[in-house]
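# Report on the structure
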Amino acid sequence: MDINEILDTGMSSGKMIINEQMKADLKVTKTWTMVLAILGFIFSALALISTFGSLVGFSRAGASGLVGMVTMVFMLAIYIFPSWCLWKYSQNLEAALIGNSQVLLNTAFLYMRRYFKFIGILIVVFFSLFLLMFIFGGMATIF
Amino acid sequence: MSIEKLEIIDRGESSGLSINPELQDHLSVICKWAKFLAIIGIIFICLGFISMLLAGGAMATLLASSTVGMGAAIGPMITIGFLLIIAMYFVPVLYLYRFSNKTKQGIQFTNQELLNGGMNNFRKFWKFVGILTIVLLVINIVTVFGGIIAAMSMR
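For clarity, every value in this text was computed on a predicted model and none was experimentally measured. (Residues numbered from 1 in each chain as written. Chains lettered and ligands numbered in written order. Predicted model: local features only at pLDDT ≥ 70, side-chain atom pairs only at ≥ 80, totals over all residues. Heavy atoms only, no water.)

Bringing the overall build of chain A into the picture now. Looking only at helices and strands, one finds five helices and one strand in chain A. Reading chain A from its N terminus to its C terminus gives the helix and strand order α-β-α-α-α-α. Residues classed as buried in chain A amount to 34% of the 143 residues present. The long-range share in chain A, meaning contacts at least 24 apart out of those at least 6 apart in sequence, stands at 69%. Of the roughly 8,600 Å² of accessible surface on chain A, a fraction of 75% belongs to carbon and sulfur atoms. (Helix = DSSP H or I, 4+ residues; strand = E, 2+ residues; numbered from the N terminus. Buried < 20%, exposed > 50% of the residue type's maximum accessible area, 1.4 Å probe, protein only. Contact = heavy atoms within 4.5 Å. Areas by Shrake-Rupley, 256 points an atom, 1.4 Å probe, with all protein chains shown as cover.)

This part takes up the nonpolar core. In this structure, A:Tyr89, A:Phe109, A:Met112, A:Phe116, B:Phe122 and B:Trp126 are the most contacted members of the largest nonpolar core, which totals 46 residues. Residue assignment for this core shows that the elements contributing at least two residues are β1 (16–19), α2 (20–53), α4 (63–99) and α5 (102–142) of chain A together with β1 (14–19), α2 (21–65), α3 (71–108) and α4 (112–154) of chain B. With ten residues, the single largest contributor to this core is α2(B). Apart from residues lying up to four places away in sequence, A:Met112 is in contact with A:Thr33, A:Leu86, A:Tyr89, B:Ile30, B:Phe122 and B:Trp126. (Core = buried A, V, L, I, M, F, W, Y, C linked by side-chain atoms within 4.5 Å.)

All names here are of chain A. With respect to the secondary-structure elements, Met72 resides in helix α4. Judged by its relative accessible area of 29%, Met72 falls in the partly exposed class. Placed 24 residues apart in sequence, Met72 and Leu48 show a C-alpha to C-alpha distance of 8.9 Å.

Attention now moves to the interface of chain B and chain A. Facing 46 residues of chain B, the contacting portion of chain A comprises 46 residues. Interface of chain B and chain A: buried area, both sides summed, is about 4,300 Å²; carbon and sulfur atoms make up 75% of it. When residues of chain B are sorted by the area they lose upon contact with chain A, B:Leu17, B:Trp33 and B:Trp126 head the list and together hold 18% of the total. In this structure, B:Asp25 and A:Arg113 form a salt bridge, with 3.2 Å as the shortest nitrogen-oxygen distance. Between the two partners, chain B and chain A, sit ten residue pairs in polar contact (both at pLDDT 80 or more). Counting residues per element, the ones that place at least two in the side of chain B that touches chain A are α1 (2–13), β1, α2, α3 and α4 of chain B. Looking at the side of chain B that touches chain A, the element that brings in the most residues is α4(B), giving 15 residues. (Buried area = accessible area lost by both parts, 1.4 Å probe. Salt bridge = Lys/Arg side-chain N within 4 Å of Asp/Glu carboxyl O. Polar contact = N/O pair within 3.5 Å; in protein donor to acceptor, adjacent residues only side chain to side chain.)

A separate point is the pattern of salt bridges. All names here are of chain A. On inspection of all chains with the given rule, the structure shows three salt bridges over all chains. Between Glu94 and Lys30 there is a salt bridge, and its shortest N-O distance comes to 3.8 Å. Within this pair, whereas Glu94 is found in helix α4, its partner Lys30 is found in helix α2, the two being separated by 64 residues in sequence. Judged by relative accessible area, Glu94 falls into the partly exposed class, the value being 28%.

So, in structure tokens, the structure goes:
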């Protein structure tokens, strides 16, 4: 097979590559996602400490305290998941760029995809809750 | 000979990493959500701008009518501050939107240049968000410590 032919088929069959410029860009994203992930972990840890701190108060409050605690743990999970995704993204991307591994690169973007999906769904849920509160609040005022 | 040339091409072009179908799928999902988030961001910035016009105007009038001499100068300062905050939130939203658009088109038309442009905006987005987070964090910490020092010195 001719060299030119190989190149041509490579280009026309929808094959795009990660060139040097893109590699440099990805390297920068890796740095900042890692910073954000670490900050997220630190804040999650602080939240965890305050959760344990208020554990005593909740246990005295009984059933309503349990609800509060479950809510808090739930909130913590919501907070920690995106940070974890960013962390995995930066780890996988770094390894992919060093070892030129396609599999790791795909994994990195899988985590980035999860991150964006999670944030997107979270925002939709919060908006729905907000809207519901707005509607019920309005109804409560009217009746 | 042909193997040699291929090796040269490999080394010259990249490291053998490519945008394969799996990665394309990930990228297009990321683009979809990124666009959604960018649009939500733009809506919020518009709401912020409107509330700035309403509240800022009211505040400026209130301050200007007060007996404090500085009142007239504070009004515009508040407006400028609000505008700065809005600009600060607008920049990452713009990068996110550009990333989403360019990458989506790059995948759709298999255009390397557009994809590069998209990734460049992706980089700018994360860099800006990272720096913004650190700056806001530092401001918060300074405010807390300043408050503590002020409270201690008042005693």
